[in-house]
Amino acid sequence: MKDILLFFSFYVRLLWKNRKAAAFLWLAPIFFLLALVVMAGQLLKADSFIERFDVAIVNEDPTVETRLVIKQLTGSPELQKVMNTFLVEKEELDGLLEDNKVAAVILIPEGFSKDVAKGINTPVTVVKNPNKPLQAQLAGYVIDSAADFTSAAQSGINTVSHYLEGEEAFTKKERKD
């Protein structure tokens, strides 16, 4: 124990005589770690490595349900970081794709909401711009995942409906509600 105290006192006296070296020995690792944190923060600061791109939506089924689906699709903060979505008419599509103004076009067909309510999986068409393959592919993946989500919701609704039809405790009006 005496040796440890002697070594410690010798070390403290040595550092006290050379205060600049002591400060450097203590602060250098702290500044190095701080610089690493700042650099990592700058790398991770960018919200996206992809520039925002435009996606046009053509809604041929102007119902409340499709407007709700479009609102959910366009209102997502995560998707807004990556893509801008806007509604267009079908006649405007050719000009948008030819001028490379959009990466993809989402076509919602007429009768889409009625088919969804009946449990019929009506496909939503995605027209991809071949001049913007990465952005078009990303838009396609978003629509595919939304379609999978809708199919899962339809399966859940059909399962509950099937269960309620088998139960005699519910009246026809209660089942419809």
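In short, a report on the structure. (Residues numbered from 1 in each chain as written. Predicted model: local features only at pLDDT ≥ 70, side-chain atom pairs only at ≥ 80, totals over all residues. Heavy atoms only, no water.)

**Remarks on the overall build of the protein chain**
Counting secondary structure elements, the protein chain contains eight helices and four strands. The order of α-helices and β-strands along the protein chain, N terminus first, is α-α-β-α-α-β-α-β-α-β-α-α. Classification of the 177 residues of the protein chain by burial places 21% in the buried group. Here the analysis covers contacts within the protein chain between residues at least 6 apart in sequence; of these, 68% occur between residues at least 24 apart. Accessible surface computed for the protein chain: about 13800 Å², of which carbon and sulfur atoms make up 64%. (Helix = DSSP H or I, 4+ residues; strand = E, 2+ residues; numbered from the N terminus. Buried < 20%, exposed > 50% of the residue type's maximum accessible area, 1.4 Å probe, protein only. Contact = heavy atoms within 4.5 Å. Areas by Shrake-Rupley, 256 points an atom, 1.4 Å probe, with all protein chains shown as cover.)

**Describing the pattern of salt bridges**
A side chain of one charge can pair with a side chain of the opposite charge if their charged atoms are brought near each other. One pass over the full model with this rule turns up one salt bridge. The closest approach of N and O atoms between E60 and K90, which form a salt bridge, is 3.1 Å. Taken together, the positions of E60 in the loop between β1 (53–59) and α3 (64–74) and K90 in the loop between β2 (83–87) and α5 (93–98) put the pair 30 residues apart, joining distant regions of the chain. (Salt bridge = Lys/Arg side-chain N within 4 Å of Asp/Glu carboxyl O.)

**Details of the side chain of D61**
In this structure, D61 sits in the loop between β1 and α3. Lacking a salt bridge, the buried D61 has K114 as its closest oppositely charged neighbour, with an N-O distance of 6.9 Å. Contact partners of D61, with chain neighbours within four places excluded, come to T66, I108, P109, E110, G111, F112 and S113. (Lys, Arg positive; Asp, Glu negative; His and termini not counted.)

**With respect to the nonpolar core**
Membership of the largest hydrophobic core comes to 15 residues, with the highest contact counts inside it found for F53, V55, I57, L73, I106 and I108. Breaking this core down by element, the ones donating at least two residues are β1, α3, β3 (104–108) and α7 (133–166). The residues contacting I106, other than those within four sequence positions of it, are V55, A56, I57, V58, L73, V124, T125 and I143. (Core = buried A, V, L, I, M, F, W, Y, C linked by side-chain atoms within 4.5 Å.)

**Some remarks on the pairing of β3**
Burial analysis of β3 places five of its five residues in the buried class, the great majority of the element. Residue alternation in β3 divides its side chains into two sets, A104, I106 and I108 and V105 and L107, and both sets are buried. Relative to β3, β1 runs parallel, the two sharing five bridges. If you follow V55 over to β3, its bridge partner there is A104. Note that β3 and strand β4 (residues 125–128) share four bridges and pair antiparallel. Bridge pairing links V105 to V127 in β4. (Pairing = 2+ DSSP bridges.)

**A few points about the packing of helix α1 (residues 2–17) against helix α2 (residues 19–45)**
Here α1 crosses α2 at 105°, and the two axes come no closer than 5 Å. Regarding the angle of α1 to α2, the classification is roughly perpendicular. Between α1, through L15, W16 and K17, and α2, the contact on the second element is made entirely by R19, A22 and L25. Of the residues belonging to the contact of α1 with α2, the class tally is four nonpolar, no polar and two charged. (Axes fitted to C-alpha atoms, helices over the stretch in contact; angles between N-to-C directions. Parallel < 35°, antiparallel > 145°, perpendicular 65-115°, else oblique. Nonpolar A, V, L, I, M, F, W, Y, C, P; charged D, E, K, R; others polar.)

**Side note on a nonpolar patch on the surface**
Judged by side-chain polarity, F7, F8, Y11, V12, F24, L25, W26, L27, I30, F31, L34 and V38 come together as a nonpolar surface patch covering roughly 1300 Å² of accessible area. The leading source of residues in the nonpolar patch is α2, at eight residues. Mapped onto the elements of the fold, L34 is located in helix α2. (Patch = residues over 30% accessible without salt bridge, like charges linked within 9 Å, V, L, I, M, F, W, Y side chains within 5 Å.)

**Some thoughts on the sheet that holds β2**
In space, the four strands of this open sheet follow the order β2-β1-β3-β4, with mixed pairing throughout. This sheet does not close on itself; its edge strands, each paired only once, are β2 and β4. Taking the axes of each pair of neighbouring strands and ignoring which way they run, one obtains an average angle of 20° across the sheet.

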